[in-house]
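Residue-level structure breakdown
One-letter residues, chain by chain:
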2 protein chains.
Amino acid sequence: MDLSSIEIFLAVASDRSVTKAAKAVGRVPSNVTTRIQQLEEDLGACLFSRDGKKMTLTREGETFLAYANRLMALALEARQAVRPLAPSGTLRVGTMESTAASRLPAALTQFNQMWPDVSLHLTMGASRDLARNVLADVLDCALIARPPKTMREEDLDFDAELEALEMETVFVEDLLIVLPSGHPAIKSAADLRVGSLAALEPGCTYRRIAENWARKTSALSTSELGSYHAILASVATGNTAGVMPRSVLDLMHWPTAVQTHQLGPVETLLVYRKDDCPSAFSAFHEVLGATKGRDVRLAAN
Amino acid sequence: MDLSSIEIFLAVASDRSVTKAAKAVGRVPSNVTTRIQQLEEDLGACLFSRDGKKMTLTREGETFLAYANRLMALALEARQAVRPLAPSGTLRVGTMESTAASRLPAALTQFNQMWPDVSLHLTMGASRDLARNVLADVLDCALIARPPKTMREEDLDFDAELEALEMETVFVEDLLIVLPSGHPAIKSAADLRVGSLAALEPGCTYRRIAENWARKTSALSTSELGSYHAILASVATGNTAGVMPRSVLDLMHWPTAVQTHQLGPVETLLVYRKDDCPSAFSAFHEVLGATKGRDVRLAAN
DNA sequence: GCTTTAATTCCGGAAAAGAGATTTTTCATT
DNA sequence: AATGAAAAATCTCTTTTCCGGAATTAAAGC
């Protein structure tokens, strides 16, 4: 039983999918399958029940999940406790709205508890702007969405900027189109019966992915809103379709089960300059890595 | 950072020696050195200070030790929590006096907390008798001393009995001759200025090792005593030399620093029948493995 | 029923772990 | 000091394990 197995287990448990989990932990699905099987054999218990293509935790899996979280937290604490030079000073972190809402709360709480001497400056923004600010040393690091390959080829500037930075996948989001209640299911943008798309600012990668998807088959306008709450409210009026990751939608326990359409997985990257790596950043990096895949689920409980 | 590294770390920390630790965890010294170095590199901190041939924990090493113990305990608990069939019934465990005194308390406490439904029958005895009782199904398992190779060759019966059992090294004891205060240092039994050796019953492996050592150069009688406390008391009178492992001596915070002579390392084996493996035994086995190398030190704190 | 998607199985290459031999350092003894 | 024994570190070689890709199987959606 090593901690990487537990990381993999947590990813599968939270995504209920080996494919997604594999992306989240930067491995290949077959490897995830194998490691889970090894873990189950080692423990002598069945952690997941494979009904169909869903991976649901068994009774034992649920109890192990609690321990897995505690083990990861304890290992993280141990790691931080022996850190030779205690981080201090200021750390300037850029993040997308969505990540700040769904993924960061737990990590930030833990980080703040552990290193109260670091003053953490959080800046929200669109992925493009954030990446530029990291390059320009306005930010120390940022959490941004990686555009899919086809979009990167259309926007070589952004791609070049990313290449100049160190990057690492930390989350994988399911990007959704959220439809008004009562709207029929859709296969493509042509089936949309709304007047516009509701999204954040123009530099937002999610917005651009959605616009790319929409313009193939229809000519929708985009209405720009300031927050995901505003987007959902706008969807509720019945005449717009919202764009947001599933993790954000999950947070906003919306009264009725909403109709959604998947645009596919989008990776969230942690980017930082190749040269500099202050102590506070290493600590943040570590906390982020250890808490990933735990936040949304914990909040849901 | 995987749990096997932590197990190795705990062994080195408690033995303050990579050679001893290597034996305790069933590995080769070069491997232990490497794993410790890897762990230090991974944590980015120096865990041990190598002053000469001693491995002493650094400040960071001490703090990591606390976490290492908690991690092992938590991992053990996780393992037990998902055990499909909760152990119950009776488990008959045989043990040497010395092991019962120095190594078992922590393991038994933990086991009892975890599985209050198992009634644990503890039998003390000499290694030979214990091994026979396991073979005869009077005991489910036993902790016994493995005689050194030369002695095994003189006692083929015992050796054959051991071969018929499953066995596993769980501890490594430093076997000592304890001398009365004021006795000069000795190189061999010829230098002894006492009338007799104080030891336990004839079937005791430690006693036989000491007698073997003594008879090479001198003709000492053995006085048989019922407990290690009695042996130490007898040594205190000035006319006997006691035989006991260092871990036992450490427990009995003896007023004055006593003079000792090393007879060398002796492995403690957990033996059990090859065929049968009841649930309660697996649980005991697991607890024993996870708590090893932690007890004496914890008691000393 | 066919297509798509996801999980698993199988296999070859790569990386890491373990064991033994060798070297270096240290401690004890002369 | 010089010598010898013992222990840790280093090095090299072998073995094992791990990882990624291709093929396979099974389930869900149309």
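So, here's what we can say about the structure. (Residues numbered from 1 in each chain as written. Chains lettered and ligands numbered in written order. Predicted model: local features only at pLDDT ≥ 70, side-chain atom pairs only at ≥ 80, totals over all residues. Heavy atoms only, no water.)

What follows covers the protein's contact with DNA strand C. Close to DNA strand C lie 16 residues, the nearest being T19, Q37, R50 and K53 of chain A together with R27 of chain B. For DNA strand C, the backbone makes up 75% of the atoms found within 4 Å of the protein, where backbone means sugar plus phosphate. Contacts to DNA strand C include T33 of chain A, whose side-chain N or O atom sits 3.0 Å from a phosphate oxygen. Separating a phosphate oxygen of DNA strand C from a side-chain N or O atom of R27 of chain B is a distance of 2.4 Å. (Near = heavy atom within 4 Å. Polar contact = N/O pair within 3.5 Å; in protein donor to acceptor, adjacent residues only side chain to side chain.)

In this complex, chain A contributes 21 residues to the contact, which on the side of chain B involves 21 residues. Contact between chain A and chain B buries roughly 2,100 Å² in total, counting both sides, with carbon and sulfur atoms accounting for 69%. Scanning the region where chain A abuts chain B turns up 2 salt bridges. Here chain A and chain B share 4 residue pairs in polar contact (both at pLDDT 80 or more) between them. Listed by contribution, the elements that provide at least two residues to the side of chain A that touches chain B are α3 (29–43) and α4 (59–81) of chain A. (Contact = heavy atoms within 4.5 Å. Buried area = accessible area lost by both parts, 1.4 Å probe. Salt bridge = Lys/Arg side-chain N within 4 Å of Asp/Glu carboxyl O. Helix = DSSP H or I, 4+ residues; strand = E, 2+ residues; numbered from the N terminus.)

All names here are of chain A. Evaluation of the coordinates by the stated rule reveals 8 aromatic pairs over all chains. Ring geometry for F9 versus F48: centroids 5.6 Å apart, planes at 50 degrees, classification tilted. Here F9, found in helix α1 (residues 3–15), pairs with F48, found in strand β1 (residues 48–51); they are 39 residues apart in sequence, far enough to count as distant. We note that F9, like F48, is buried. With centroids separated by 5.8 Å and ring planes inclined at 80 degrees, the aromatic side chains of F111 and F284 adopt a geometry described as edge-to-face. Taken together, the residues F111 in helix α6 (residues 104–114) and F284 in helix α13 (residues 279–291) connect sequence positions 173 residues apart. (Phe/Tyr/Trp six-rings, centres within 6.5 Å; stacked < 30°, edge-to-face > 60°. Buried < 20%, exposed > 50% of the residue type's maximum accessible area, 1.4 Å probe, protein only.)

When chain A is fitted to chain B, the residual RMSD is 0.1 Å, and the transformation amounts to a turn of 180 degrees plus an axial shift of 0.1 Å. What we have between these two chains is a two-fold relation. Using C-alpha coordinates, one finds that chain A approaches the rotation axis most closely at D2 of chain A, a distance of 2.1 Å. A symmetric contact is evident, with 100% of the interface residues of chain A recurring at the interface of chain B. (Least-squares fit on C-alpha atoms with pLDDT ≥ 70 in both.)

Attention shifts here to the sheet that holds strand β4 (residues 118–124) of chain A. Residues and elements named next belong to chain A. Read across the open sheet, the 8 strands follow the order β4-β3-β5-β10-β6-β9-β7-β8; overall the sheet is mixed. Two strands in the sheet have a free side with no partner beyond their single neighbour: β4 and β8 (221–224). Pairs of neighbouring strands in the sheet enclose a mean axial angle of 25 degrees, with direction left out of account. Where helix α10 (residues 205–215) meets the sheet, its contacts fall on β5 (141–145), β6 (165–179), β7 (196–199), β8, β9 (240–245) and β10 (259–273), and the angle it forms with β10 comes to roughly 140 degrees. (Pairing = 2+ DSSP bridges. Axes fitted to C-alpha atoms, helices over the stretch in contact; angles between N-to-C directions.)

Let us look at the packing of helix α4 (residues 59–81) of chain B against helix α13 (residues 279–291) of chain B. All names here are of chain B. Across the interface, α4 lies against α13 with an axial gap of 10 Å and an inter-helix angle of 170 degrees. It follows that α4 is roughly antiparallel to α13 by the angle criterion. Where α4 abuts α13, its residues M72, L76, R79 and Q80 lie against A283, E286, V287 and A290. Among the residues forming the contact of α4 with α13, the class breakdown is 5 nonpolar, 1 polar and 2 charged. (Parallel < 35°, antiparallel > 145°, perpendicular 65-115°, else oblique. Nonpolar A, V, L, I, M, F, W, Y, C, P; charged D, E, K, R; others polar.)

Distances and angles like these do not, on their own, reveal function.
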